[in-house]
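Chain by chain, the residues run as shown.
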Amino acid sequence: MYNLVYKSIAKTFSTSQVNEILVESRDFNSKHDITGCLIYHEGVFIQYLEGGAKDVLDLFERIKVDDRHYEVKLLSNGNIYSREFDTWSMAFLFEEIPNEAFEYIKLMVSSNDG
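Keep in mind it's a predicted model, so treat the numbers as computed, not measured.

1. Some points on unusual backbone geometry
Part 1: In this structure, aspartate 33 takes a positive phi of about 55 degrees despite not being glycine.
Part 2: If you trace the backbone, aspartate 33 turns up in the loop between α1 (15-31) and β2 (35-41).

This is how it looks when you write it as structure tokens:
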């Protein structure tokens, strides 16, 4: 099992465009046994992906050339023992629904800005 976390800057986005990305991601991920979480906060995407190494890395190559965002930056990647989001083809967190996990992730991301 493998995971990957990246950060990118969204081009101008509406709620319907974010929802479109979620629908596409959930469909693709369920077909390729990839799970994870997408976070959208103040124009920034953070995405955590997990699954087979080849599937996750192939998806990341597609993500890097997606023109809906730019400055795609790999934050971490590596082998893992088990999934964190085993029942989610793509969980979603954004600032309008704050919770403990979202607050933790915001802190984690802000510490990586250096």
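From this point on, the discussion continues.
2. Describing helix α2 (residues 53-64)
Part 1: Between its first and last C-alpha atoms α2 spans 16 Å; for 12 residues at 1.5 Å apiece the expected length is 16 Å, and the two agree.
Part 2: All buried positions along α2 are accounted for by Val56, Leu59, Phe60 and Ile63. Along the axis of α2, the buried positions cluster into a sector of 105 degrees, meaning they face one direction only. Opposite the buried face of α2, at more than 90 degrees from it, the exposed residues are Lys54 and Arg62.
Part 3: Against β1 (2-10), α1, β3 (44-51) and β4 (69-79) lie the buried residues of α2.

3. Side note on the pattern of salt bridges
Part 1: With the rule as written, the count across this model stands at 6 salt bridges.
Part 2: Note that aspartate 33 is salt-bridged to arginine 83, the shortest N-O span being 3.1 Å. With aspartate 33 in the loop between α1 and β2 and arginine 83 in the loop between β4 and β5 (91-94), this pair connects stretches of sequence that are 50 residues apart.
Part 3: Exposure remark for aspartate 33: the relative accessible area of 51% places this residue in the exposed category.
Part 4: For arginine 68, the salt bridge identified is with aspartate 66, shortest N-O distance 2.7 Å.
Part 5: Accessibility expressed as a relative area gives 22% for aspartate 66, which makes it partly exposed.
Part 6: One network of salt bridges, in which partners are shared, links Glu24, Asp66 and Arg68.

4. Here we look at the side chain of asparagine 3
Part 1: Along the polypeptide, asparagine 3 turns up in strand β1.
Part 2: Taking the relative accessible area as the measure of exposure, asparagine 3 reaches 12% and is therefore buried.
Part 3: Here the side chain of asparagine 3 touches tyrosine 48 through a polar contact of 3.2 Å, side chain to side chain.
Part 4: Apart from the residues within four sequence positions on either side, asparagine 3 is in contact with Tyr48, Leu49, Glu50, Ser76, Asn77, Gly78 and Ile80.

5. What about the nonpolar core?
Part 1: Counting 10 residues, the largest nonpolar core is built from Tyr2, Leu4, Tyr6, Phe28, Ile34, Leu49, Val56, Leu59, Phe60 and Ile63.
Part 2: Every element with two or more residues in this core is listed here: β1 and α2.
Part 3: Counting residues per element, this core draws most heavily on α2, at 4 residues.
Part 4: Residues in contact with phenylalanine 28, not counting those within four places in the same chain, are Ile34, Leu59 and Arg62.
Part 5: Residues Ala10, Ile21, Tyr40 and Phe45 belong to the second largest nonpolar core, which totals 7 residues.

Conventions we followed
- Residues numbered from 1 in each chain as written.
- Predicted model: local features only at pLDDT ≥ 70, side-chain atom pairs only at ≥ 80, totals over all residues.
- Heavy atoms only, no water.
- Helix = DSSP H or I, 4+ residues; strand = E, 2+ residues; numbered from the N terminus.
- Expected span 1.5 Å × (residues − 1).
- Buried < 20%, exposed > 50% of the residue type's maximum accessible area, 1.4 Å probe, protein only.
- Arc of directions from axis to C-beta.
- Contact = heavy atoms within 4.5 Å.
- Salt bridge = Lys/Arg side-chain N within 4 Å of Asp/Glu carboxyl O.
- Polar contact = N/O pair within 3.5 Å; in protein donor to acceptor, adjacent residues only side chain to side chain.
- Core = buried A, V, L, I, M, F, W, Y, C linked by side-chain atoms within 4.5 Å.

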